[in-house]
Amino acid sequence: DAKTTQPTSMDCAEGRAANLPCNHSTISGNEYVYWYRQIHSQGPQYIIHGLKNNETNEMASLIITEDRKSSTLILPHATLRDTAVYYCIAYYDKVIFGPGTSLSVIP
Amino acid sequence: DTGVSQDPRHKITKRGQNVTFRCDPISEHNRLYWYRQTLGQGPEFLTYFQNEAQLEKSRLLSDRFSAERPKGSFSTLEIQRTEQGDSAMYLCASSLSGHRASPLHFGNGTRLTVT
């Protein structure tokens, strides 16, 4: 499974878009990019995933570069409830978590 | 779909005791995963099953840890002779195999404290 790198922490003003970057330069052709988030004391929550194309759902948008070596998770209008640790994962068979990005949404 | 449930939510035990945790996955999910998480770290992969078969076990996992999924439904994770270093959150997740786009659904974990 490809290794991913993410910034340790980020801040975002409430109501603004939160853009969380992820590098996965060793990703292989059959590995999907997944994003999860974890709010304190809860299990990780699935957000979105993609293979090549950009994806959007009710929670977020996922932008994957053409070479698939990096991606960005976009929370269009961050709220205080979006404060969490966000994990970017490239996986085929099992999910291997890194330390993630701790996002703080500031009032 | 009632989600992934884990029992108990919290467990406090004394060093040297054995503990067992249970995970009930989403009913139609044939893959089941166990993870361990300590404070400030991402979840660490322990093992996973497809139906009743244990497909992979982390090399970092001590022989004191064993997991079963006898009928391909619920799973148990047992830790024998617990040590203080075993204190962590133990997370279970399930998914559909054969569906590369199938995300993992996590329970809210069992928090183990070894005194």
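Summary of the structure given here. (Residues numbered from 1 in each chain as written. Chains lettered and ligands numbered in written order. Predicted model: local features only at pLDDT ≥ 70, side-chain atom pairs only at ≥ 80, totals over all residues. Heavy atoms only, no water.)

Tallying secondary structure elements over chain A gives 0 helices and 9 strands in all. The secondary structure elements of chain A, listed N-terminal to C-terminal, are β-β-β-β-β-β-β-β-β. Taking 2.2 N^0.38 as the reference for a compact globule, 107 residues should give roughly 13 Å; the C-alpha atoms of chain A span a radius of gyration of 13 Å, in line with that estimate. Once the C-alpha set of chain A is aligned to its principal axes, its extents read approximately 40 × 25 × 20 Å. Per-residue burial over chain A gives 45% buried out of 107 residues. Only carbon and sulfur atoms are counted for the fraction: they give 49% of the accessible area of chain A, which is about 5,300 Å². (Helix = DSSP H or I, 4+ residues; strand = E, 2+ residues; numbered from the N terminus. Rg over C-alpha atoms; globule rule 2.2 N^0.38 Å. Buried < 20%, exposed > 50% of the residue type's maximum accessible area, 1.4 Å probe, protein only. Areas by Shrake-Rupley, 256 points an atom, 1.4 Å probe, with all protein chains shown as cover.)

Right, let's get into the interface of chain A and chain B. At the interface, 20 residues of chain A touch 20 residues of chain B. The contact between chain A and chain B buries some 1,700 Å² in all, and 51% of this surface belongs to carbon and sulfur atoms. When the buried surface of chain A facing chain B is broken down by residue, Asp93, Lys94 and Phe97 of chain A rank first, second and third, together holding 27% of it. Our count for the chain A to chain B interface comes out at 0 salt bridges. On inspection of chain A and its partner chain B, the count reaches 7 residue pairs in polar contact (both at pLDDT 80 or more). Those elements giving two or more residues to the side of chain A that touches chain B turn out to be β3 (32-38), β4 (45-50) and β8 (84-91) of chain A. In terms of residue count, β3 of chain A provides more of the side of chain A that touches chain B than any other element does, 4 residues in total. Counted by class, the side of chain A that touches chain B contains 12 nonpolar, 6 polar and 2 charged residues. (Contact = heavy atoms within 4.5 Å. Buried area = accessible area lost by both parts, 1.4 Å probe. Salt bridge = Lys/Arg side-chain N within 4 Å of Asp/Glu carboxyl O. Polar contact = N/O pair within 3.5 Å; in protein donor to acceptor, adjacent residues only side chain to side chain. Nonpolar A, V, L, I, M, F, W, Y, C, P; charged D, E, K, R; others polar.)

The next subject is the nonpolar core. Trp35, Leu73, Tyr86 and Leu103 of chain A are the most contacted members of the largest nonpolar core, which totals 21 residues. Elements with a minimum of two residues in this core: β2 (18-23), β3, β4, β6 (61-64), β7 (70-75), β8 and β9 (101-106) of chain A. With near-sequence residues (within four places) excluded, Leu103 of chain A lies in contact with Met10, Asp11, Cys12, Ala18, Leu20, Leu75, Asp82, Thr83, Ala84 and Tyr86 of chain A. Formed by 19 residues, the second largest nonpolar core is a distinct cluster that contains Phe49, Leu61, Cys92 and Leu112 of chain B. (Core = buried A, V, L, I, M, F, W, Y, C linked by side-chain atoms within 4.5 Å.)

Looking now at the packing of aromatic side chains. One pass over the structure, following the stated rule, counts 17 aromatic pairs over all chains. With centroids separated by 5.6 Å and ring planes inclined at 85°, the aromatic side chains of Phe97 of chain A and Tyr35 of chain B adopt a geometry described as edge-to-face. One end of the pair, Phe97 of chain A, is in the loop between β8 and β9; the other, Tyr35 of chain B, is in strand β4 (residues 31-37), on a second chain. Per residue, the accessibility class of Phe97 of chain A equals that of Tyr35 of chain B, and both read buried. Each ring, one from Tyr33 of chain B and one from Tyr35 of chain B, has its centre 6.4 Å from the other, and the planes form 25°; the classification is stacked. Just as Tyr33 of chain B is buried, Tyr35 of chain B falls in that class too. In this arrangement the basic side chain of Arg22 of chain B is found over the ring face of Phe74 of chain B, its NZ or CZ atom lying 3.9 Å from the centre. (Phe/Tyr/Trp six-rings, centres within 6.5 Å; stacked < 30°, edge-to-face > 60°. Lys NZ or Arg CZ within 6 Å of the ring centre and 35° of its normal.)

Residue and element names in this part refer to chain A. Reading across from one edge, β1-β9-β8-β3-β4 is the order of the 5 strands in this open sheet, with mixed pairing throughout. Edge strands, defined here as strands with exactly one partner in the open sheet, are β1 (9-13) and β4. Strand-to-strand twist of the sheet, defined as the mean angle between neighbouring strand axes without regard to direction, takes the value 25°. Where β3 and β4 come together, 5 bridges link them in antiparallel fashion. Counterpart to Val33 in the pairing with β4 is Gly50. (Pairing = 2+ DSSP bridges. Axes fitted to C-alpha atoms, helices over the stretch in contact; angles between N-to-C directions.)

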